[in-house]
Amino acid sequence: MNNDRIQQLIRFVQEEPGDPFNVYALAMEFIANQPEQARPYFDQLLREHPDYLPTYYHAAALYAGQDDRERATALYEKGIELARTQNNLKTLLELERAQRAFVEDGEDW
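Okay, so let's go over this structure. Here, residues in each chain are numbered from 1, in the same order as that chain's written sequence. The predicted nature of this model means local features are confined to residues of pLDDT at least 70 and side-chain atom pairs, given and counted, to a pLDDT of 80 or more, with totals for whole chains, interfaces and linings taken over all residues. With hydrogens and water set aside, each side-chain value is computed from the structure's full complement of heavy atoms.

## Here's the deal with the packing of aromatic side chains
Piece 1. Only rings of Phe, Tyr and Trp enter the pairing, Trp through its six-membered ring, and a pair is recorded when the two centres are within 6.5 Å. The plane angle decides the type: under 30 degrees is stacked, over 60 is edge-to-face, the rest tilted. In total, this model carries 4 aromatic pairs according to the counting rule given.
Piece 2. Considering the side-chain rings of Phe-21 and Tyr-24, the 6.5 Å spacing of their centres and the 40° angle between planes classify their relative orientation as tilted. Of the two residues, Phe-21 and Tyr-24 both sit in helix 2 (residues 20-31), 3 residues apart, roughly one turn of that helix.
Piece 3. Accessibility here uses a 1.4 Å probe with only protein chains present; expressed as a share of the type maximum, an area under 20% marks a residue as buried, one over 50% as exposed, and anything in between as partly exposed. On the basis of relative accessible area, Phe-21 is assigned to the partly exposed category, the value being 45%.
Piece 4. Each ring, one from Phe-30 and one from Tyr-41, has its centre 6.0 Å from the other, and the planes form 0°; the classification is stacked. In this pair, Phe-30 is assigned in helix 2 and Tyr-41 in helix 3 (residues 35-48), connecting sequence segments 11 residues apart.
Piece 5. For Tyr-41, a relative accessible area of 22% translates into the label partly exposed.
Piece 6. Here a set of aromatic residues connected by ring pairs shows up, and it is made of Phe-21, Tyr-24 and Tyr-52.
Piece 7. Over the ring of Phe-102 we find Arg-69; its NZ or CZ atom is 4.0 Å from the centre of that ring.
Piece 8. For a Lys NZ or an Arg CZ to count as sitting over a ring, it must be within 6 Å of the ring centre and within 35 degrees of the ring normal. Positioned above the aromatic ring of Tyr-63, the side-chain terminus of Arg-71 is 5.3 Å from the ring centre. Starting at the N terminus, helices and strands are each numbered in turn, a helix being any DSSP run of H or I of at least four residues and a strand any DSSP run of E of at least two.

## A look at the nonpolar core
Piece 1. By convention a nonpolar core is built from buried Ala, Val, Leu, Ile, Met, Phe, Trp, Tyr and Cys residues, the set being connected through side-chain atoms within 4.5 Å. Membership of the largest hydrophobic core comes to 31 residues, with the highest contact counts inside it found for Phe-42, Tyr-56, Leu-75 and Leu-95.
Piece 2. Residue assignment for this core shows that the elements contributing at least two residues are helix 1 (3-15), helix 2, helix 3, helix 4 (54-65), helix 5 (69-85) and helix 6 (89-107).
Piece 3. Two residues form a contact once any of their heavy atoms are found within 4.5 Å. Dropping the residues within four chain positions of it, Leu-75 is found in contact with Leu-46, Tyr-56, Ala-59, Ala-60 and Tyr-63.

Interpretation note: all reported values are geometric properties and have no functional meaning in isolation.
Next comes the structure, spelled out in structure tokens:
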């Protein structure tokens, strides 16, 4: 995690609050080492930019990793639906693969 980059991204978010990429980049800075810090940024993206497709893969994985299976399931489903609507086949396949792994992992419980 790079604190200088985080500060720069926070400035970008403040300067361009309507740009979902800056919020997404900020969430991604936190996801590996401080996932709880990433969560509010993913939630902001889902609330303010529900058509920003890159959010769904990582947000669903975050919630799955935090054992919020209901929220993760909903995010995988919404992301898959959105990828179909946007005709983004690469992301659709990635989301479907991640969802299958998530479901199979849940069957082991």
